[in-house]
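# A look at the structure
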Amino acid sequence: MARLRARLSAISRALRTDWREIGGLGRTALIGVVGAAALAFALGFFIPATARSHLLEARAALVAAEVAELPDPLQTRSPGTAEYFAFEEAVDHELLGGETERVKLWLRDGTIAYSDAAVLVGGKFDLSAPAMRAFDGETGTQISDLTDSAHEPDRELGRLIEIYVPLVDDRGEVAAVFEIEQRVDSLDAAMSRITRNVWLSILSGVVVLGVFMAVLSVARARDLNRRRRQAERLLGTLFRAQEDERRRIVGALHDDIGQPLYRLLYGLEGSRAKLPDDDAVATELETLEGVVRAIDTTLRSELRALQPSLAADAGLGPALEDIAASTRAETELDVHLNLTPGERLSDVKRTALYRAAREAVINVRKHANASQVWIEACSDDGRVEVIVRDDGSGGHLEPGLGLTTTRERLEALGGGLHVTAGRTGGTKVAAWLPIEEDSQ
């Protein structure tokens, strides 16, 4: 059970990651495909229902034409007369047999004036809704389950199609309604064929569409992965070139500026030591020592910023800890660090996230007027995310050049960067990169 939940969770994370990465056009296309499939399935129910209605209407029209060929039943109500026998013979010849099981002639008060079942003649029953509509001049149909008392002789048949045809007298009023009851077997058979063919067509179309989308998705995923690997290789080459240049600059600053500063500081200290404490020159030398120490502190800070990235060598966690430690040492900010283990990224991606966090912290130090900053890193939904939040004045939601460059670098690796206002003030910078399958 635990393995199943883990598998479902992995599938869910992969789907959410894919949804984020397919872009607006891809999402529109996917929504269109889902909408088309939903419409197709709706048609699978709508088309058979419409076909059933049309088949019943066609039957009703055919029966109405056959009833119109009969002798006028309104003139042949008296059993035993020649007209009655002629009408009965016409009913036997034109209507009964085949699919027709029963005929009835209804009067407006619910009396059956004629039926091929003699036991029903003269009986009085409640009119059905289609029968009442027929007395209003409308030919109606329904499929009856034969539970009402007027169908007692027919209940062994199960179900029947009832067709009601209004009969108009010389004054143009509906004086009676002819009911023809037919077996439902042929209708059911026709509907089964229609339903089967409709669903076969719909399912075939959905399968073809699904295969097409799957092939398209696989092709796009392969192309996307290829582009990401290519971007990662290019960025890796760029990062290595940058690190080499950084090492050269750090070495030059340390050797050409840092060491002379130390010699200058030692010279100032040595010269001041030879003078009395109350000497004006000694006081000036002490001031110059402070200036040199301030320059040395600034130089050390810049050298730390220019140092090669720790993320590629020690991992993202230690690199973020170094950012927190240097921020605490160099500022009065209260730094909170929350790192969730589980990072699985290449060196290039770790370095990109590290630089994003460092750029965000630098912005907090320069612009936020904050007293606290939070640095968080977590792995979830198939990606690693680094978040930097502060409790400052906010208002810097438009990223500057540094964050813009960082965002472009992350997007080239398949990730992104978002700058938003914090829930309780300040600014929140969230940078993330996907975990590739081969890195898991």
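The preceding data block contains the structure.
Residues numbered from 1 in each chain as written. Predicted model: local features only at pLDDT ≥ 70, side-chain atom pairs only at ≥ 80, totals over all residues. Heavy atoms only, no water.

To continue, consider helix 10 (residues 401-412). For helix 10, which comprises 12 residues, the first-to-last C-alpha distance of 17 Å matches the rise-based estimate of 16 Å (1.5 Å per residue) to within 8%. Leu403, Thr406, Arg409 and Leu410 are the residues of helix 10 that are buried. Projection of helix 10 onto a plane perpendicular to its axis shows the buried side chains occupying an angular sector of 120°, all on one side. More than 90 degrees from the buried face of helix 10, the exposed residues found are Leu401 and Glu408. Of the residues trailing helix 10, Gly414 is marked for its positive phi of about 90°. (Helix = DSSP H or I, 4+ residues; strand = E, 2+ residues; numbered from the N terminus. Expected span 1.5 Å × (residues − 1). Buried < 20%, exposed > 50% of the residue type's maximum accessible area, 1.4 Å probe, protein only. Arc of directions from axis to C-beta.)

Pairing within the open sheet is mixed, and its five strands lie in the order 6-7-8-10-9. Of all the strands in the sheet, the pair left with one neighbour each is strand 6 (334-339) and strand 9 (416-421). On average, each strand axis in the sheet is tilted by 10° relative to the strand beside it, whichever way the strands run. Judged from the eight bridges that link them, strand 7 (residues 372-380) and strand 8 (residues 383-390) form a sheet pairing that is antiparallel. Bridge pairing in strand 8 places Ala377 opposite Val386. Strands strand 7, strand 8, strand 9 and strand 10 (427-434) of the sheet are contacted by helix 9 (residues 347-368), whose axis makes an angle of about 10° with strand 8. Helix 10 rests against strand 9 and strand 10 of the sheet, and its axis sits at about 140° to strand 9. (Pairing = 2+ DSSP bridges. Axes fitted to C-alpha atoms, helices over the stretch in contact; angles between N-to-C directions. Contact = heavy atoms within 4.5 Å.)

For sheets, the rule is that strands pair by backbone hydrogen bonds, running either parallel or antiparallel. The five strands lie next to each other as 2-1-5-4-3, forming an open sheet whose pairing is antiparallel. The sheet is open, and its two edges are formed by strand 2 (112-115) and strand 3 (140-144), each paired on a single side. On average, each strand axis in the sheet is tilted by 20° relative to the strand beside it, whichever way the strands run. Where strand 4 (residues 160-168) meets strand 5 (residues 174-183), nine bridges bridge the pair, whose relative direction is antiparallel. The residue of strand 5 that forms the bridge with Leu167 is Ala176.

The next point concerns the pattern of salt bridges. Applying the stated criterion to the full structure yields 15 salt bridges. As a salt-bridge pair, Arg293 and Glu269 come within 2.6 Å of each other at their nearest N and O atoms. Taken as a pair, Arg293 in helix 6 (residues 280-306) and Glu269 in helix 5 (residues 185-273) lie far apart in primary sequence, 24 residues in all. Exposure remark for Glu269: the relative accessible area of 26% places this residue in the partly exposed category. Each member of the salt-bridge network shares a partner with another, and the members are Glu269, Arg272, Glu289 and Arg293. (Salt bridge = Lys/Arg side-chain N within 4 Å of Asp/Glu carboxyl O.)

So, on to the side chain of Glu181. Relative to the helices and strands, Glu181 resides in strand 5. Judged by its relative accessible area of 0%, Glu181 falls in the buried class. The residues contacting Glu181, other than those within four sequence positions of it, are Glu99, Thr100, Glu101, Arg102, Lys104, His151, Asp154, Leu160, Ile161 and Glu162.

Another point: a nonpolar patch on the surface. A contiguous nonpolar patch, built from Leu39, Leu43, Phe46 and Ile47 and spanning about 370 Å² of accessible area, is present on the exposed surface. Counting through the fold element by element, Leu43 comes out in helix 2 (residues 23-68). A relative accessible area of 35% places Leu43 in the partly exposed class. (Patch = residues over 30% accessible without salt bridge, like charges linked within 9 Å, V, L, I, M, F, W, Y side chains within 5 Å. Areas by Shrake-Rupley, 256 points an atom, 1.4 Å probe, with all protein chains shown as cover.)

Taken as a whole and assessed by the stated rule, the structure comprises three aromatic pairs. Measuring from ring centre to ring centre gives 5.7 Å for Phe41 and Trp199, while their planes differ by 45°; the resulting arrangement is tilted. Of this pair, Phe41 sits in helix 2 while Trp199 is found in helix 5, placing the two residues 158 residues apart along the sequence. For Phe41, a relative accessible area of 32% translates into the label partly exposed. With 6.3 Å between their ring centres and 75° between their planes, Trp106 and Phe125 make a pair best called edge-to-face. Of the two residues, Trp106 is situated in strand 1 (residues 100-107) and Phe125 in the loop between strand 2 and helix 4 (129-135); the sequence distance between them amounts to 19 residues. Across the pair, Phe125 and Trp106 agree in class, each one buried. Aromatic rings pair up to connect Phe41, Phe45 and Trp199 into one cluster. Over the ring of Trp432 we find Arg383, and its NZ or CZ is 4.6 Å from the ring centre. (Phe/Tyr/Trp six-rings, centres within 6.5 Å; stacked < 30°, edge-to-face > 60°. Lys NZ or Arg CZ within 6 Å of the ring centre and 35° of its normal.)

Along the chain, Thr111 falls in the loop between strand 1 and strand 2. We classify Thr111 as buried; its relative accessible area is 16%. Leaving out residues up to four positions away in the same chain, Thr111 has contacts with Leu105, Trp106, Gly122, Gly123 and Lys124.

Our focus in this paragraph is the nonpolar core. Leu320, Leu353, Leu410 and Leu417 are the most contacted members of the largest nonpolar core, which has 35 residues in total. Breaking this core down by element, the ones donating at least two residues are helix 8 (316-330), helix 9, strand 7, strand 8, helix 10, strand 9 and strand 10. With 10 residues, the top contributor of residues to this core is helix 9. When sequence neighbours within four positions are dropped, the list of residues in contact with Leu353 reads Leu316, Leu345, Val384, Val386, Leu410, Ala431, Trp432 and Leu433. Listed in part, the 26 residues of the second largest apolar core include Ala51, Val63, Ile161 and Phe178. (Core = buried A, V, L, I, M, F, W, Y, C linked by side-chain atoms within 4.5 Å.)

Let's shift gears to the environment of Leu56. Residue position: Leu56 is located in helix 2. Leu56 sits 131 residues away from Leu187 along the chain, and the two C-alpha atoms are 8.5 Å apart. Apart from the residues lying within four places of it in its own chain, the contact partners of Leu56 are Thr141, Ile161 and Leu187.

Let us look at helix 9. Since one α-helical turn is 3.6 residues long, residues separated by three or four positions face the same way. Helix length check: helix 9, at 22 residues, gives a terminal C-alpha distance of 30 Å against a target of 32 Å (1.5 Å per residue), a fit within 8%. A positive phi of about 55° marks Asn369, the residue just after helix 9.

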